[in-house]
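Listed below, chain by chain, are the residues.
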Amino acid sequence: MNYPDFQIDWLRAFVAVVDAGSLSGAAPLVHRSQSAVSMQIKKLETALGRPVLLRGPRHLEVTPAGAELLSYARRVLDLQAEAHAALFGPKLAGRVRLGVPDDYASAYLTPVLRSFAHRYQGVEIELTCEQSTSLIPRITRGELDLALVSQDKPQRGRFLFDEPLVWVGSPQFEVWRRDPLPIAVYESTSMARQATLAALGTRRRGYHLVYHSPSLAGQLAAVESGLAVAVLTRCSVPAHLQILQNLPAEFELPPLDAMHVAVLRSKVSQRQPAVDAMYEQVVRTLGRGAHVDGGLRQR
């Protein structure tokens, strides 16, 4: 059988729309107008014979056919980038010391490292997973080259996106019904902990701290065991736990501000080509100025 070719420009536009969350957001990523991006998507859908995106009331959704095509599209684009780097790009070598909190690592670092590794196979990546409050001073001291962190100051680093904080509990225990409310928190310097206690301070509902842990794994253990509820970044909540929302009025939990996620770079890493390339990859992959939740919703 003769199958239609999927042109690179069509696939690039499709991936950009999924990553950006909208046609307008994808336009600058592929250096085209919004109408041109829309036309590329229509050409892809015509060749496929099925829609890849559906326009919902507030957002675009990826169709089952689009979701199946998406992984192949990424692989095609990654392979093309790898070929360009091998044939035309600089032969980068060296080391990048990269820091990221546990909760951001799996959700956001994977696509960054996947694309980077394909382009620059000669660069060694040294990864450190710690809380943002530990990573920020390490950037200042030059112990790390780059770090993906929750901003402690608006002007610190390059802003990438907002990551919501959510209340999380186990559906098996309904700990949120207890009075006072038992909560698990990170270490005393944690911005998530500070946001949690500040939010609780706005409500009259009693609470007490029953569990302290500096790690995401520790927070999850406390929630899964029914010991407490916790405040986590939405990207780190596993499917078997419950985001606590729309609770009965007497148990309602206070709203939480989002974390502002940014990339920081140390002064000592300036003019290092390998770090330049990683910084550009982080910004290109994650810098959308809005919350990143794995792209568009899938039907």
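Parameters and conventions
- Residues numbered from 1 in each chain as written.
- Predicted model: local features only at pLDDT ≥ 70, side-chain atom pairs only at ≥ 80, totals over all residues.
- Heavy atoms only, no water.
- Pairing = 2+ DSSP bridges.
- Helix = DSSP H or I, 4+ residues; strand = E, 2+ residues; numbered from the N terminus.
- Right-handed = clockwise from strand over helix to strand, strands pointing away.
- Axes fitted to C-alpha atoms, helices over the stretch in contact; angles between N-to-C directions.
- Parallel < 35°, antiparallel > 145°, perpendicular 65-115°, else oblique.
- Left-handed = near helix turned anticlockwise from the far one by under 90°.
- Contact = heavy atoms within 4.5 Å.
- Nonpolar A, V, L, I, M, F, W, Y, C, P; charged D, E, K, R; others polar.
- Buried < 20%, exposed > 50% of the residue type's maximum accessible area, 1.4 Å probe, protein only.
- Arc of directions from axis to C-beta.
- Core = buried A, V, L, I, M, F, W, Y, C linked by side-chain atoms within 4.5 Å.
- Expected span 1.5 Å × (residues − 1).

Asks: Explanation requested: the pairing of strand 9 (residues 207–212) in the structure shown.
Replies: Regular strands place their side chains on alternate faces of the sheet. Pairing of strand 8 (residues 181–185) with strand 9 involves 5 bridges; the strand directions are parallel. Looking across to strand 9, one finds that Val-185 is bridged to His-212. As a crossover connection, the stretch from strand 8 through helix 7 (residues 191–201) into strand 9 is right-handed.

Asks: I would appreciate a short explanation of the packing of helix 1 (residues 8–20) against helix 3 (residues 34–48) in the present structure.
Replies: Between two packed helices, what matters for the description is the angle formed by their axes and the separation of those axes. Running from N to C, helix 1 and helix 3 point in directions that differ by 115 degrees, and their axes come no closer than 8 Å. Regarding the angle of helix 1 to helix 3, the classification is roughly perpendicular. As helix 1 runs across helix 3, the sense of the crossing is left-handed. Counting all contacts with helix 1, which are made through Asp-9, Trp-10, Leu-11, Ala-13, Phe-14 and Val-17, the residues of helix 3 involved are Val-37, Gln-40, Ile-41, Lys-43, Leu-44 and Ala-47. In terms of residue class, the contact of helix 1 with helix 3 is made up of 9 nonpolar, 1 polar and 2 charged.

Asks: How should I be thinking about helix 2 (residues 23–30) in this particular structure?
Replies: Each turn of an α-helix holds 3.6 residues, which means side chains three or four residues apart point in the same direction. Among the residues of helix 2, Leu-23, Ala-26, Ala-27 and Val-30 are the ones counted as buried. Looking straight down helix 2, one finds its buried side chains confined to an arc of 115 degrees; they lie on one side. Looking at the buried residues of helix 2, the elements they touch are helix 1, helix 3, strand 1 (53–55) and strand 2 (60–62). Phi turns positive one or two residues past the end of helix 2, at His-31, with a value near 60 degrees.

Asks: I tried to follow the nonpolar core on my own but got confused; where do I start?
Replies: Side chains of nonpolar character tend, in soluble globular proteins, to be buried together. Among the nonpolar cores identified, the biggest contains 44 residues, and Leu-148, Leu-160, Trp-167, Val-229 and Leu-286 are the most heavily contacted of them. At 7 residues, helix 9 (residues 273–286) tops the list of elements feeding residues into this core. Beyond its immediate stretch of four places on either side in the chain, Leu-148 contacts Gly-99, Val-100, Pro-101, Tyr-104, Tyr-108, Leu-135, Leu-160, Val-261, Ala-262 and Leu-286. Listed in part, the 26 residues of the second largest apolar core include Val-15, Ala-27, Val-30 and Ala-65.

Asks: Mind showing me how you'd approach helix 1 here?
Replies: Taking 1.5 Å of rise per residue, 13 residues should cover 18 Å, and helix 1 covers 18 Å from first to last C-alpha, within 8% of that figure. Those residues of helix 1 hidden inside the fold are in contact with helix 2, helix 3, strand 1, strand 2 and helix 4 (64–87). Looking one or two places after helix 1, you find Gly-21, whose phi comes out positive at around 90 degrees.

Asks: Please explain unusual backbone geometry as it appears in this structure.
Replies: A negative phi angle is the norm for most residues apart from glycine, just as the trans form is the norm for most peptide bonds. A cis amide bond links Asp-179 to the next residue, Pro-180, at an omega of 0 degrees. Within the secondary structure, Pro-180 is located in the loop between strand 7 (165–169) and strand 8. Phi is positive for Arg-271, which is not a glycine, with a value near 65 degrees. Examined against the element boundaries, Arg-271 turns out to sit in the loop between strand 12 (259–265) and helix 9.

Asks: Would you take a moment to explain the sheet that holds strand 10 (residues 229–233) for this structure?
Replies: Where strands meet in a sheet, backbone hydrogen bonds hold them as pairs that are either parallel or antiparallel. With mixed pairing, the 5 strands of this open sheet are ordered in space as 9-8-10-7-11. Sheet topology places strand 9 and strand 11 (242–243) at the edges, where each strand pairs with a single neighbour. Of the strand pairs in this sheet, strand 7 and strand 10 are connected by 4 bridges, and their pairing is antiparallel. Within strand 10, the residue paired with Val-168 across the bridge is Ala-230. Against the sheet, helix 7 makes contact with strand 7, strand 8, strand 9 and strand 10, and its axis sits at roughly 165 degrees relative to strand 9, the strand it touches most.

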